[in-house]
Amino acid sequence: MKKLSILAMSTLLGACQSIQPAAKTSLDGEVFYLQRSALPPTATLSVSLQDVSLADAPAVVLDEQKGQVKGQVPLPFHLSYDPAQVKPGHRYSVSARIEVDGKLMFITTENHAVRLDGTDPQPLKVRVDAAR
């Protein structure tokens, strides 16, 4: 009986080991701006990785990081995505925004295209400009 239990348990463990979650890939970078001003402690940073292939449809968000700003620029970010979500021929971009008390202070104004094929420079430098 013990041998049967041990055999059953080892079979189950072997089956569990063969099922692995999809490997995530990451994109690391820094958000910065050129103005010489400090961010208040209430500032929040949002950075997103998006599929921007379709001009007539909203962008599909692959990952997003939101949170309280810790320190001053450059502000680090870390985005994770499933490589299986990356489709050949699609265009991908990283965008960022900094808000203070719900008011937009800085935002990306240029396209920060990424290839998501392992050749993107890391850390990725994303510039934001003052909102008007």
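The coordinates are above.
First, a word on scope: everything that follows refers to the structure included in this document. Keep in mind it's a predicted model, so treat the numbers as computed, not measured.

## Focus: unusual backbone geometry
Turning to step 1, where the next piece is worked out: Note that the residue after V73, namely P74, is joined by a cis bond; omega there is 0 degrees.
Turning to step 2, where the next piece is worked out: When you line up the elements, P74 lands in the loop between β3 (60-68) and β4 (75-81).
Turning to step 3, where the next piece is worked out: Cis geometry is adopted by the peptide bond preceding P123, which originates at Q122 and carries an omega value of 5 degrees.
Turning to step 4, where the next piece is worked out: Residue position: P123 is located in the loop between β7 (113-114) and β8 (124-127).
Turning to step 5, where the next piece is worked out: Unlike most non-glycine residues, D101 shows phi in positive territory, near 55 degrees.

## Overview of the nonpolar core
Turning to step 1, where the next piece is worked out: Residues V31, L49, V94, I98 and L116 are the most contacted members of the largest nonpolar core, which totals 26 residues.
Turning to step 2, where the next piece is worked out: Going through the elements one at a time, β1 (25-32), β2 (43-51), β4, β5 (92-100) and β8 are the ones with two or more residues in this core.

## Topic: the sheet that holds β8
Turning to step 1, where the next piece is worked out: Taken together, three strands build an open sheet; the order of strands is β4-β1-β8 and the sheet is mixed. One side of each edge strand has no neighbouring strand; the edge strands of this open sheet are β4 and β8. Going from strand to strand, the sheet's axes swing by 35 degrees on average, the running direction of each strand aside.
Turning to step 2, where the next piece is worked out: Bridge analysis of β1 against β8 gives four bridges, and the strand direction is parallel. Following the sheet pairing, E30 is matched in β8 by K125.

Reading guide: rules and limits
- Residues numbered from 1 in each chain as written.
- Predicted model: local features only at pLDDT ≥ 70, side-chain atom pairs only at ≥ 80, totals over all residues.
- Heavy atoms only, no water.
- Helix = DSSP H or I, 4+ residues; strand = E, 2+ residues; numbered from the N terminus.
- Core = buried A, V, L, I, M, F, W, Y, C linked by side-chain atoms within 4.5 Å.
- Buried < 20%, exposed > 50% of the residue type's maximum accessible area, 1.4 Å probe, protein only.
- Pairing = 2+ DSSP bridges.
- Axes fitted to C-alpha atoms, helices over the stretch in contact; angles between N-to-C directions.

Any functional reading would require information that these geometric values do not contain.
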